[in-house]
Amino acid sequence: MSKARILLFLLCALVPVALLAQRPDDILPFKAVEKTLPNGLKVIVVPTGFPNVVALYIPVRTGSRNEIEPGKSGFAHFFEHMMFRGTPSYPPDKYNAVVQKAGARQNAYTTDDRTVYHTTFAKEDLPKILEIEADRFQNLSYTEEVFKTEARAVLGEYNKNAANPIQKLFEVQRDSAFTTHTYKHTTMGFLRDIEDMPNQFGYAKEFFRRWYRPEYTTVIVAGDVKAEEVLPLVEKFWGNWKSGTYRSEIPQEPPSKGPVYAHVAWPAKTLPWVSVAFRVPGFDENSKEIPALQIAYDLQFGQTSNIYKRLVQDEQKVDQLFPSTGARIDPTLFTVFARLKNPADAVYVRDAILAEFAKLRENAPSAERVDEAKANTRYSFVRSLDNTDAIASTLAVFVGYRGSYDTINNAFRQLAAVTPEDIQAAAGKYLTDNNVVVTTLSSDPLPDAIRTTPSLASFAAAAPVETAGLRVIEQKSVLPQIQFKLLFNSGSVNDPKGKEGLAALTAQMITEAGSVSMRIDEISKALFPMAGSFFARTDKEMTTFTGSIHRDNWKKFFDIVLPQLLEPGFREEDFRRLRDRQLNALRQDLRANNEEELGKEELINTIYAGTPLGHTVLGTVAGIEAISLDDVKKFAAEHYTRGNLVIGVSGDYPDELLARLRREVAKLPAGTVIAQGKKSLTPIAGDAASGLEVKIIKKDTRSTAISIGMPIPVTREHPDFAALNVARAWLGEHRSSTSHLYQRIREERGLNYGDYAYIEFFTRPGFQFFPSPNTVRRAQAFEIWIRPVVPENAQMALRIALYELDKLIRNGLTKEQFESTRDYLMKNVYLMTATQDQQLGYALDSWWFGMPEYTKAMRERYAKLTRADVNKAIRKYLSSKNLHVVIVAKDAEGLRDALVKDGVSSIRYDAPKPKEIVEEDRIIGAYRLNIKPENVTIVPVEDVFAK
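Residues numbered from 1 in each chain as written. Predicted model: local features only at pLDDT ≥ 70, side-chain atom pairs only at ≥ 80, totals over all residues. Heavy atoms only, no water.

(A) The arrangement of the overall build of the protein in detail. In terms of regular secondary structure, the protein is built from 34 helices and 23 strands. Whereas a compact globule of 947 residues would reach a radius of gyration of roughly 30 Å, the protein reaches 28 Å, a difference of no more than 12%. Dimensions of the protein along its principal axes, counting C-alpha atoms only, are 80 × 75 × 60 Å. Split into buried and exposed, the 947 residues of the protein put 63% on the buried side. Entry remark: accessible area of the protein is about 35100 Å², with carbon and sulfur atoms responsible for 52%. (Helix = DSSP H or I, 4+ residues; strand = E, 2+ residues; numbered from the N terminus. Rg over C-alpha atoms; globule rule 2.2 N^0.38 Å. Buried < 20%, exposed > 50% of the residue type's maximum accessible area, 1.4 Å probe, protein only. Areas by Shrake-Rupley, 256 points an atom, 1.4 Å probe, with all protein chains shown as cover.)

Here it is as structure tokens:
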């Protein structure tokens, strides 16, 4: 050992290690250890009690807040991307190989105040993961060409978000509200700065040198770990990291001189938004002001509030109303968002929201309501700590303020101490006319009066103070949070023709419309103090009602929620409200606001057109409009039956709970007994395309989203599922930079934000790492999802995907590719079933398929697989020639002509590319698509999901 290493070891040995003492009022129940190395790096080790899994979270106290130079916004988020670009010791392919071998899931995110890198993996790989993470933090290296490629990927991410109106509303709100502080720009940065990023190579290096230093960084290691084993590893790999000297002054925002109003004129048809925000102080774990204001917002604008009942349920002027109260290091905005059904109601809704703020200033809430809010927050927090990754993720948020484990405990102590008087005092101090920011968004004109914000004082005067035969799956554990699932073998495949969407609407009428004895607002208020939840998920083949409650409160919870299923309220006003919401979710959220989900849904509808699987779960516009309340009552009576039901229960539940649950659901109609999920259903075959059959959805959009697919007969219980899943994971593992398509399209060429493949339908793919349980289907599709690209690269992106798929089919996987992917999946399956909800959900899915417990079954299948099995499955089930393609594009006619012409494609790069990439581009650009003119159809977006 060198003298320098010996000196470092001695210095580390002198640094005290703090075993953090636990207090009775701590919200965190873990025996954590905290240590600061001589270079300023903070290390926190948290044994969580969950076996086998470790979560490594590394919050860097550097976010868009630190972007102080004009014209240089977006660099904190940019380095979230660049940190995956490798080092001399671990270039991207070698780094990704380590991650894949560990079966890990990895990602990062950036906020205004911090950037967080996180990896979750099997505990045996902790030393190697710590080593490669330490290496990239200390030795990040990239060329200017790579820098420019990633800059374009960041622009692609901005373009992806541009389809969502609320993203633009938020961006304009911030820009209008702040004049000086760096919170003026969002985490993504100003668009003009993002577009200029390729020219900022030198500044990027400087930004990294300033902020990626040990004194701004915390290493959190949580899971099946011991501090005495973890700390020496961190010291070994991170101890030589040099601290920095750079310090900066974040420009502070001056006091506002009056209300601010800003408007966004949205170019495409959309529902209007009104937001009302107030400037609030920065986070302080030793102050009650932030928790007092957060409670105030929850009480006044949450789903138990009077205004929610009035605007959403009774008057039905608004279909979405919610508060947003994320604290920041420096003073920020707390906001109330409302989505209107009619632009003419904008002033009415804005004034109703302002009136609620006026009430907060004039009258303190009751002590009972405050206690209920505090209990809800505490129970909700405890409920979220159901797996190691969630624990580390939550800790990283609070550690991001000052690098301390105790910040969470301190913050919850302040929350517990909040009184009604504290809330009124904070409201009087911060909810003022000078602090208000109103922002609106619409495609149609709003009333002129929206431009002038009335004073809060103008509202003050008006402000008034049997059980045999039931199938049950049990998962006993020590978790105090109890979860039950009621799985009915009925979904959108059971929608009557002409009333598509009935299954989804009926389920929402159970969980979102109350019971005979209680209206939904009364139920929400009753559940609030116990942080209980009861919600529905409807998919094609099944509907699942999930209840979650702390064991302390299960009896009262059952009294409230079980009548929603057994004695539903079925009120006409709730029916109208929920039907409108479902229509808006279909027309606005899916069709208008999200090209990616739009394309994926329409691909499945195209593949399974003419079958019960051939419409989206939400239904069709005409179908939803045709549904009556009597239809809902009839559907519930026919499908929510004992014979159609499987029960799942997990957690530390008493025998009394299960006995009562059995007794209660035995009151349901008997119905026809479904013997076994899929085995009870008639097989459905999808449409096998003849050549490439292309549907272009014509929509006014900045970018072009592409979905490719074909039906496959392989579902989860099929003997070839594991083999085909290995091929899928290698080709396009979801949100993983190790996947082949991701490397070829996004990493090497910077065309978009990501590229993935599937053999099971994936709900909410832009937001989740893993597919949701209880969305299984009797027939599936192989899919490739190309996230949006700029229009001029659409044909080339399609060619690259098909070229790579064709190579996979012709060549199969190599021995190394097969083994590394199979070994990754062997470990990754633990993460897929890591949470309480996933474990119970996958158990119910396994019953539906008639297969053993998912994790064990899949590991056994992977262990027996050979490379020959995988390559045989690839050739048997996949095609690169006969596929359905759904593309969302603005210039539909131009794209159609280009596809049919089949001319050579090319890519214009911002920086030179290696010779082999340029040469390959020429080959791929000439790859023949052979699309027949008659195989291309153009559909206006308004016609999608119409009928």
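(B) Here's a closer look at empty space enclosed by the protein. Roughly 210 Å³ of volume is contained in the largest cavity. Lining the largest cavity are 19 residues, with Asn725, Arg728, Phe762, Pro771 and Met832 sitting closest to its centre. Only helix 26 (721–732), strand 20 (755–758) and helix 29 (815–832) provide two or more residues apiece to the lining of the largest cavity. Here the residues of the lining of the largest cavity sort into 12 nonpolar, 3 polar and 4 charged. Approximately 60 Å³ is the volume attributed to the second largest cavity. Residues of the lining of the second largest cavity, tallied by class, amount to 5 nonpolar, 3 polar and 3 charged. (1 Å grid on protein atoms, 1.4 Å probe; cavity = no way out; pocket = protein on both sides within 12 Å on 5 of 7 lines; lining within 4 Å. Points joined across faces, edges and corners; volume = space filled by probe spheres on them. Nonpolar A, V, L, I, M, F, W, Y, C, P; charged D, E, K, R; others polar.)

(C) Layout of the environment of Lys667. By secondary structure assignment, the location of Lys667 is in the loop between helix 25 (655–665) and strand 18 (692–698). In this structure, the C-alpha to C-alpha distance between Lys667 and Leu566, residues 101 residues apart in sequence, is 7.2 Å. Side chain to side chain, Lys667 and Glu664 meet in a polar contact 3.0 Å long. (Polar contact = N/O pair within 3.5 Å; in protein donor to acceptor, adjacent residues only side chain to side chain.)

(D) Looking closely at the packing of aromatic side chains. Under the definition given, this model contains 52 aromatic pairs. Taking the centre distance of 5.3 Å and the plane angle of 80 degrees together, the rings of Trp554 and Phe558 count as edge-to-face. Of this pair, Trp554 and Phe558 both sit in helix 20 (residues 554–566), 4 residues apart, which is roughly one turn of the helix. Taking relative accessible area as the criterion, Trp554 reaches 5% and is therefore assigned buried. The exposure class assigned to Phe558 is buried, which follows from its relative accessible area of 1%. Seen in terms of ring centroids, Tyr758 and Phe762 are 5.5 Å apart; in terms of plane orientation they differ by 65 degrees. Their pairing is edge-to-face. Take Tyr758 and Phe762: they sit in the same class, and that class is buried. We note Lys72 situated over the ring of Tyr203; from NZ or CZ to the ring centre the distance is 5.4 Å. If you follow Lys600 out to its NZ or CZ, it ends over the ring of Phe761, 6.0 Å from the centre. (Phe/Tyr/Trp six-rings, centres within 6.5 Å; stacked < 30°, edge-to-face > 60°. Lys NZ or Arg CZ within 6 Å of the ring centre and 35° of its normal.)

(E) Here's a closer look at helix 3 (residues 92–101). Buried residues of helix 3: Tyr95, Asn96, Val98, Val99 and Gln100, and no others. The inward-facing, buried residues of helix 3 contact strand 5 (105–110), helix 4 (126–139), helix 27 (740–747) and helix 29. At the C-terminal side of helix 3, Gly103 shows a positive phi close to 65 degrees. (Contact = heavy atoms within 4.5 Å.)

(F) Quick peek at the pairing of strand 5. Across the 6 residues that make up strand 5, a large majority, 5, are buried. Note: strand 5 against strand 6 (residues 115–122), 6 bridges, orientation antiparallel. Counted as the bridge partner of Tyr109 is Val116 from strand 6. Between strand 5 and strand 6, which pair antiparallel in sequence order, lie 4 residues. (Pairing = 2+ DSSP bridges.)

(G) Here's a closer look at the nonpolar core. Ranked by internal contacts, the top residues of the largest apolar core, which has 84 residues, are Ile706, Ile708, Leu731, Phe782, Ile784, Val870 and Leu899. For this core, the element with the most residues is helix 28 (residues 794–811), which contributes 11 residues. Once you skip the residues sitting within four places of it in the chain, Ile706 turns out to touch Ile784, Trp785, Ile786, Ala794, Ala797, Leu798, Val885, Val886 and Ile887. Counting 74 residues, the second-largest nonpolar core is a separate cluster that includes Phe334, Ile423, Phe459 and Phe528. (Core = buried A, V, L, I, M, F, W, Y, C linked by side-chain atoms within 4.5 Å.)

(H) Region of the structure containing the confidence of the model for the protein. Chain-level pLDDT for the protein is 93 on average; 97% of the residues reach the 70-or-more range. Counting interchain partners and residues more than four positions distant, the pLDDT-below-50 stretch residues 1–15 has 13 contacts. A low-confidence stretch, residues 461–467 (pLDDT under 50), is modelled with 10 contacts involving residues beyond four sequence positions or located in other chains. (pLDDT = per-residue confidence, 0-100.)

(I) Highlighting the environment of Ile907. As for its placement among the helices and strands, Ile907 is situated in the loop between helix 33 (892–901) and helix 34 (915–925). When its relative accessible area of 13% is taken as the criterion, Ile907 is described as buried. The contact partners of Ile907, leaving out residues within four places of it in the chain, are Arg749, Leu751, Asn793, Met796, Ile800 and Asp921.

(J) Up close: the side chain of Asn376. With respect to the helices, strands and loops of the structure, Asn376 is situated in helix 13 (residues 367–384). Judged by its relative accessible area of 18%, Asn376 falls in the buried class. Setting aside its immediate chain neighbours within four residues, Asn376 contacts Phe528, Pro529 and Ala531.

(K) Spotlight on the packing of helix 20 against helix 25. Where helix 20 meets helix 25, the axes come as close as 11 Å, and the angle between the chain directions of the two elements is 20 degrees. Considering the angle they form, helix 20 stands roughly parallel to helix 25. At the point where helix 20 passes helix 25, the crossing takes the right-handed sense. In contact with Trp554, Lys555, Phe558, Asp559, Leu562 and Leu566 of helix 20, helix 25 contributes Glu656, Leu657, Arg660, Leu661, Glu664 and Val665. (Axes fitted to C-alpha atoms, helices over the stretch in contact; angles between N-to-C directions. Parallel < 35°, antiparallel > 145°, perpendicular 65-115°, else oblique. Left-handed = near helix turned anticlockwise from the far one by under 90°.)

(L) Focus on the packing of helix 19 (residues 520–527) against helix 20. The geometry of helix 19 relative to helix 20 is characterised by a closest axis approach of 10 Å and an angle of 150 degrees between their N-to-C directions. In terms of axis orientation, helix 19 runs roughly antiparallel to helix 20. By crossing handedness, the relation of helix 19 to helix 20 is classed as left-handed. For the pair formed by helix 19 and helix 20, the contact residues are Ile520, Ile523, Ala526 and Leu527 on the first element and Phe557, Ile560, Val561 and Gln564 on the second.

(M) Inspection of the side chain of Thr119 at higher detail. Following the sequence through the fold, Thr119 ends up in strand 6. On the basis of relative accessibility, which here comes to 1%, the residue Thr119 falls in the buried class. With sequence-adjacent residues up to four places away left out, Thr119 is seen in contact with Val54, Ala55, Leu56, Ala104, Arg105, Gln106, Ile129 and Glu133.

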